Amino acid sequence: MPDLRIAAALIGASIEQCAPCRQSLTAKLLEADPIVLAATADAAYRQQAPRVPDDEGSLAGPAQMFLSLARQAHAHGGDARLLLATVQRMPAADRTELLDTVLDLFPPRAPGPQRGGRRGPVQ
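Here goes a summary of the coordinates provided. Throughout this document, residue positions are counted from 1 along each chain, in the order its sequence is written. Reporting of local features is limited, given that this is a predicted model, to residues whose pLDDT is at least 70; pairs of side-chain atoms are given and counted only at 80 or more, and all residues count toward the totals for whole chains, interfaces and linings. Neither water nor hydrogens contribute to the side-chain values; these are computed over all heavy atoms in the structure.

## As for the overall build of the chain
- When you go through the chain residue by residue, the secondary structure sums to 6 helices and 0 strands.
- The rule is simple: take the accessible area with a 1.4 Å probe, protein chains only, and divide by the maximum for that residue type; under 20% is buried, over 50% is exposed, in between is partly exposed. Taking all 123 residues of the chain together, 36% fall into the buried category.
- Taking contacts inside the chain between residues at least 6 apart in sequence as the whole, the part at least 24 apart equals 68%.
- Accessibility throughout is a Shrake-Rupley quantity obtained with a 1.4 Å probe, and a residue counts as covered only by protein chains that appear here. When the accessible surface of the chain is summed, it comes to about 7,100 Å², and 56% of that surface belongs to carbon and sulfur atoms. Only DSSP runs of H or I with at least four residues qualify as helices, and only runs of E with at least two residues qualify as strands; both kinds are numbered from the N terminus onward. Here a residue-residue contact requires only that any non-hydrogen atoms of the pair lie within 4.5 Å.

Shown next as structure tokens:
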């Protein structure tokens, strides 16, 4: 079973706009099992689908291809095997670009009072 804690922490770091956290966690996620990247990208798509134009024209390269496949997969019963296979075949640079693009789909947290708690990368 893949460990999705890094993905969850990375999404949180993106929402909180913690650049050092995002950089550290991005490196860890890209070293993890490709299914973690596929699941993260798919989760970003599913959560943000209303914000992603149907033609994905605002996206480029690997993200455009992945989100097009995700749209098709979800329209036909949600079979994500093609999404995993796509990520597995991507070169490292495309994986990095895909991850950066889908993380930017999550809107930043609205400014407000600082909340307590641990702030930093997952170890």
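## What about the side chain of T26?
- Secondary-structure assignment places T26 in helix α2 (residues 19-31).
- The class for T26 is buried, based on a relative accessible area of 10%.
- In protein, a polar contact means a hydrogen-donor-capable atom and an acceptor-capable atom, both N or O and within 3.5 Å, with residues adjacent in sequence counting only if both atoms are side-chain atoms; elsewhere, any N or O pair within 3.5 Å suffices. There is a polar contact of 2.7 Å between the side chain of T26 and the backbone oxygen of R22.
- In this structure, T26 is in contact with L10, L99, D100 and L103, ignoring residues within four places of it in sequence.

## Observations regarding helix α5 (residues 81-89)
- All of the buried residues in α5 are L83, T86 and V87. Projection of α5 onto a plane perpendicular to its axis shows the buried side chains occupying an angular sector of 95°, all on one side. The exposed residues of α5 that point more than 90 degrees off its buried face are R81 and R89. Along the arc lie the directions from the helix axis toward the C-beta atoms.

## Some thoughts on the pattern of salt bridges
- One speaks of a salt bridge when a side-chain nitrogen belonging to Lys or Arg is within 4 Å of a carboxyl oxygen belonging to Asp or Glu. Under the defined criterion, the tally for this structure stands at 4 salt bridges.
- In this structure, E16 engages R109 in a salt bridge whose closest nitrogen and oxygen atoms are separated by 2.8 Å. Separated by 93 residues along the polypeptide, E16 in helix α1 (residues 5-16) and R109 in the segment after α6 (92-103) bring together distant segments of the chain.
- Close ionic contact of D100 with R22 constitutes a salt bridge, the shortest N to O distance being 4.0 Å. Highlighted residues: D100 in helix α6 and R22 in helix α2, separated in sequence by 78 residues.
- Accessibility expressed as a relative area gives 30% for D100, which makes it partly exposed.
- Judged by relative accessible area, R22 falls into the buried class, the value being 18%.
- Because the salt bridges share partners, they merge into one network encompassing R22, D100 and D104.

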